[in-house]
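Geometric and topological summary
As a plain string of letters, each chain reads:
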Amino acid sequence: MGSGHRVAVFGAYGHTGRFVVAQLRDRGFVPVLSGRDAGKLRALAASEPGLDARPASVADPASLDRALAGTSAVINCAGPFGTTAAPVIEAALRARIPYVDVAAEIEANADTFAHFADRARAAGAVIVPAMAFYGGLGDLLATAAMGDWTTADEAHIAYGLNSWHPTAGTRAASKAVQERRNGRRVRYTNGRLEYHTDELPTLEWPFPEPMGTRAVLGEFTMADVVTIPSHLSIPEVRTYMTVEAAKDVSAPDTPTPAAVDERGRSAQTFLVDVVVRSGGAERRAVARGQDIYAVTAPLAVEAVHRILAGQTKAVGVASAGEIFDAPDLLRALSAHISLELRQ
Ligand SMILES: NC(=O)c1ccc[n+]([C@@H]2O[C@H](COP(=O)([O-])OP(=O)(O)OC[C@H]3O[C@@H](n4cnc5c(N)ncnc54)[C@H](OP(=O)(O)O)[C@@H]3O)[C@@H](O)[C@H]2O)c1
């Protein structure tokens, strides 16, 4: 299906990068392994016979050019993306190949739109930030839920995670974001990001059965507040997180994810409940699956597949919901995500 296209994975030996490499192979692509640590790359290449390993650093553009040479696309899995996104996008523009990343950093995702939208559009290039569980999936669900609506009053994305064992990369991204915000919090209201120091409210969210009503932290703001308003006219976008998962991810001693199945997935389950409201009407899209890191791989690889196959609706910097046929893409991932649309 991947027709043997070579696809560079920057950050290939990270937790998410490894899922992406495996998914590329499953889909018939040839991953080109890249990252900043030559030793870790060699170790990964030893377990993935036949694959090229090309060390590269974001501080050395020529090394990134070598990493992307002869590839058809690049997937950036190396975060914090506040550091890696711009140099890897620059390299993708020089190589004239599409760029997809899995960034879950609100400000870094907003920077990608702000800094590259004009140049990418003018060059006819495709850049898809946050093509991942956070940012990408919520946007696809919100877009699918909208159906024929072109505007809505509110979008709510409630994350029902049974647990969240964070990777080192998640902790590093969260630290980078906290530093950038000077300890403030962010929410999306009145059509813009608003920084504040209010405590996060604890609310009840009525997840579909069998999960049912659960305590969630309100304004637990995720990358969906960048991706959704980038193309949908919705002035209020709010995200919520089950209290247990929010506690897990912030506790310093929560372990990293442990594999429990042959695909390397952890026991973590997710339910993403998206509700859009317009006037008195409400539409809903719900996704269920296992392991937020693992499911990021089929999302990112499906994006590359569709971009290379010309199944796109936009050029320039575009989020998943804008550039792809959202319900069709979600249905194509039925082996990884079970979907329910209520319109
Ligand atoms: N949006 C989502 O839903 C989603 C899903 C999955 C992952 N992510 C994000 O993806 C990133 C990676 O997560 P992970 O779970 O794979 O974490 P991980 O296992 O800790 O891997 C992090 C990777 O990033 C690399 N890296 C870090 N800083 C770098 C830099 N300055 N230059 C080059 N490489 C650098 C690391 O290389 P070294 O080992 O050499 O440091 C490693 O390969 C995180 O930012 C995470 O938030 C987002």
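Please refer to the structure placed before this passage.
Attention in this report is confined to the structure presented alongside it. (Residues numbered from 1 in each chain as written. Predicted model: local features only at pLDDT ≥ 70, side-chain atom pairs only at ≥ 80, totals over all residues. Heavy atoms only, no water.)

1. Observations concerning the site of the ligand
Where we set the bar: Only a single heavy atom is needed: when it lies within 4 Å of a molecule or strand, its residue is near that molecule or strand. Two N or O atoms count as a polar contact when they lie within 3.5 Å, although within protein this holds only if one can serve as hydrogen donor and the other as acceptor, and sequence-adjacent residues are included solely when both atoms are side-chain atoms. Helix and strand definitions here come from DSSP, where helices need a minimum of 4 consecutive H or I residues and strands a minimum of 2 consecutive E residues; each element is numbered from the N-terminal end. Classification used: nonpolar for Ala, Val, Leu, Ile, Met, Phe, Trp, Tyr, Cys and Pro, charged for Asp, Glu, Lys and Arg, polar for all others including Gly.
The ligand sits among 28 residues. The nearest are Tyr13, His15, Arg36, Lys40 and Tyr134. In the model, a nitrogen atom of the ligand is placed 3.0 Å from a nitrogen or oxygen of the valine 102 main chain. Contributing elements (two or more residues each) for the shell around the ligand: helix 1 (15-26), helix 4 (81-95), helix 6 (133-146), helix 7 (168-180) and helix 10 (292-308). A per-class count over the shell around the ligand returns 14 nonpolar, ten polar and four charged.

2. A look at the packing of aromatic side chains
Filter applied, for reference: The rule is short: rings of Phe, Tyr and Trp, with Trp giving its six-membered ring, pair when the centres are within 6.5 Å, and they are stacked under 30 degrees, edge-to-face over 60, tilted in between. Each residue's exposure class comes from its accessible area (1.4 Å probe, protein chains only) as a fraction of the maximum for that residue type: buried when under 20%, exposed when over 50%, partly exposed otherwise.
Across all of its chains, the model carries six aromatic pairs by this definition. Ring geometry for phenylalanine 133 versus tyrosine 159: centroids 5.4 Å apart, planes at 50 degrees, classification tilted. Taken together, the residues span a long stretch of sequence, with phenylalanine 133 in helix 6 and tyrosine 159 in strand 7 (residues 154-161) at a distance of 26 residues. Owing to a relative accessible area of 1%, phenylalanine 133 belongs among the buried residues under this scheme. Chaining the aromatic ring pairs together yields one cluster made of Phe133, Tyr134, Tyr159, Trp164 and Phe270.

3. Things to note about the sheet that holds strand 1 (residues 6-10)
Selection criterion: Here, strands pair whenever DSSP counts at least two bridges between them.
Spatially, the seven strands line up as an open sheet ordered 3-2-1-4-5-6-15, and their pairing is parallel. Edge positions in the sheet fall to strand 3 (53-55) and strand 15 (316-317), since each has one partner strand and no second. Bridge count between strand 4 (residues 73-76) and strand 5 (residues 99-101): three bridges; the pairing is parallel. What sits directly across from valine 74, in strand 5, is tyrosine 99.

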